[in-house]
Amino acid sequence: MNKAVIFLADGMADLPIAELGGKTPVEYAKTPAMDSIAANGMSGTFFTLPDGLPTSSDVANMSVLGFYPEKNYPGRGPIEAVSQGIELAPDDIAWRCNLVTVSPDGVLLDYSSGHLDETKARILMEDLQKEFGSDLVSFYPGVSYRNLLVLHGKKFSPNLDYHKPDSSQGIHMSELKLTALDDKAETAFTKQFLEELAVKTDEFLRNHKLNQNCESPANAIWPWSPGRKPAIAGFAERYNGARGAIVSAVDVVKGIGKCAGMDVIEVPGATGFIDTNYAGKVAAALKALEDHDLVYIHVEAIDECSHMGDMKLKLQAIEDFDSKVVAPVLEALKDRNDVRFAILPDHPVPLSLRKHTTTPVPLAVCGCGIAADDVAFYGESVAPTGKLGKLAGDQLVKLLLGL
Ligand SMILES: [Zn+2]
């Protein structure tokens, strides 16, 4: 079995932009390291977002790792609860709970409350727990605006549809309500319970001292993507006993790894944004490769810049990813003849749309035993012409490990 490194650039794929001479951001940005993977190896595309499932990072990253979300998707809430080591009882339902900014007249302004400060987020969530925690509901702080809410007991149901906050900015809250997906009493009760809870929590947050005189007050809770305790088959079980490791700042990716029995390497200072600890992630990944077969290096910053619709910041984040993550790892492993490398995003977030789309993502693979095809650089326009063709499911991990 080979060793393998997957470079996962969250939300990096995009569309051609006139201002960039008709190139996409990754094609326009300076990316010599990613281009070298394409030039020395093979290119193709990878299908990450099956129909009927949310177009979200947890689904997409489960697809890249070959965990088939179309069969096993537990919901974002439970995945992040596992990441945080929150023990879910069989009747518990975990919800991702964003802290968002809503305008005085009820329009969702910011899904992240201005990329909420870590300490402030923790205080707000702890105060919500003190004020509203009960044997029916618990609040848990997570990473910045990404928090958790757990409903306890048989009287609740996870069968509600929701609007993803990062795709609902600028819309009035009255159009963004939860909808029941069946006519069971538990489902109706859960909808009513959460709506009544939100009225009280949001008033509490509006009046909270930390939300006075600030640009993006965290003045509303936004529960979404619920589910019960996950049951995902293990990485080793799927891949001939291979040992897998995850390096990421965000609970959604760490949670997927933990659900599948992969080792999650914690990196101090990894923030999930452009100020993250790139050097620390690289060092952690190289160390993990010593006693693991596959290391998954996930970087969130590009996705956040894309949802902000900030082209300059997206280009900067792409160049940082190339020079501070991909280049140093390739350099450190250049004399090894037992490693394969892959570069891909989990899904596109076109700057013009500021939300996820389902177009298969550009993929490039190089390393031991991989012959080069004609594709000379890494980008959305050329990747589909490469020798790899269209991959999906467990095809990428199996190719990388030589299974
Ligand atoms: Zn993503």
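Here the structure is a predicted model, which means the values were calculated and not measured.

Within the protein chain one finds 13 helices and 15 strands. Taken over C-alpha atoms, the radius of gyration comes to 21 Å for the protein chain, in line with the 22 Å a tight globule of 403 residues would show. Principal axes of the C-alpha set define a box for the protein chain whose edges measure 60 × 45 × 40 Å. Among the 403 residues that make up the protein chain, the fraction classed as buried is 59%. Long-range pairs, those at least 24 residues apart, make up 72% of the contacts in the protein chain between residues at least 6 apart in sequence. Surface summary for the protein chain: the accessible area is close to 15,900 Å², and the carbon and sulfur share equals 53%. Once the 38 positive and 54 negative side-chain charges of the protein chain are each reduced to a mean point, those two points are 2 Å apart.

Ranked by size, the top nonpolar core spans 48 residues in total, and within it Val5, Phe7, Met12, Met34, Phe321, Phe341 and Ile343 carry the most contacts. Ranked by residues supplied to this core, first place goes to helix α12 (residues 311-332) with 8 residues. In terms of nonpolar packing, the next biggest core, distinct from the first, is built from 41 residues, Leu49, Tyr73, Ala242 and Tyr296 among them.

Sheet architecture is open: 8 strands sit in the order β11-β10-β12-β1-β13-β14-β2-β15, paired in mixed fashion. With one partner strand each, in any of the chains shown, β11 (263-264) and β15 (389-391) form the two edges of the open sheet. Bridge count for strand β1 (residues 3-9) against strand β13 (residues 339-344) is 6 bridges, and the pairing is parallel. Among the inter-strand pairings, Phe7 is bridged to a residue of β13, identified as Ile343. Helix α2 (residues 32-40) rests against β1, β2 (42-46), β13 and β14 (361-367) of the sheet, and its axis sits at about 70° to β14.

Inspection of the entire model under this criterion finds 19 salt bridges. The closest approach of N and O atoms between Asp14 and Lys314, which form a salt bridge, is 2.9 Å. With Asp14 in the loop between β1 and α1 (25-28) and Lys314 in helix α12, this residue pair connects regions lying 300 residues apart in the sequence. A residue is classified by how much of its surface remains accessible, and Asp14, at 7% relative accessible area, is buried. Of the charged contacts, one joins Lys30 and Glu319 as a salt bridge, the two residues approaching to 3.9 Å between their closest N and O atoms. Pair noted here: Lys30 is in the loop between α1 and α2 and Glu319 is in helix α12, with a separation of 289 residues, a long-range link. Overall, Lys30 belongs to the exposed group, its relative accessible area being 63%. Beyond isolated ion pairs, a larger network of salt bridges with shared partners links Asp58, Arg76, Glu80 and Arg96.

This part takes up the coordination of the zinc ion. With distances of 1.9 to 2.8 Å, the protein atoms coordinating the zinc ion are Asp10 (OD), Asp10 (OD), Ser57 (OG), Asp346 (OD) and His347 (NE2). Counting gaps between the donor residues of the zinc ion yields the pattern D-x46-S-x288-D-H. Of this pair, Asp10 sits in the loop between β1 and α1 while His347 sits in the loop between β13 and β14, and the two are 337 residues apart along the sequence. Comparing Asp10 with His347, the two get one shared label, buried.

What counts, and at which threshold
- Residues numbered from 1 in each chain as written.
- Predicted model: local features only at pLDDT ≥ 70, side-chain atom pairs only at ≥ 80, totals over all residues.
- Heavy atoms only, no water.
- Helix = DSSP H or I, 4+ residues; strand = E, 2+ residues; numbered from the N terminus.
- Rg over C-alpha atoms; globule rule 2.2 N^0.38 Å.
- Buried < 20%, exposed > 50% of the residue type's maximum accessible area, 1.4 Å probe, protein only.
- Contact = heavy atoms within 4.5 Å.
- Areas by Shrake-Rupley, 256 points an atom, 1.4 Å probe, with all protein chains shown as cover.
- Lys, Arg positive; Asp, Glu negative; His and termini not counted.
- Charge placed at Lys NZ, Arg CZ, Asp CG, Glu CD.
- Core = buried A, V, L, I, M, F, W, Y, C linked by side-chain atoms within 4.5 Å.
- Pairing = 2+ DSSP bridges.
- Axes fitted to C-alpha atoms, helices over the stretch in contact; angles between N-to-C directions.
- Salt bridge = Lys/Arg side-chain N within 4 Å of Asp/Glu carboxyl O.
- Donors = N, O, S within 2.8 Å, 3.2 Å for Na, K, Ca; no water.

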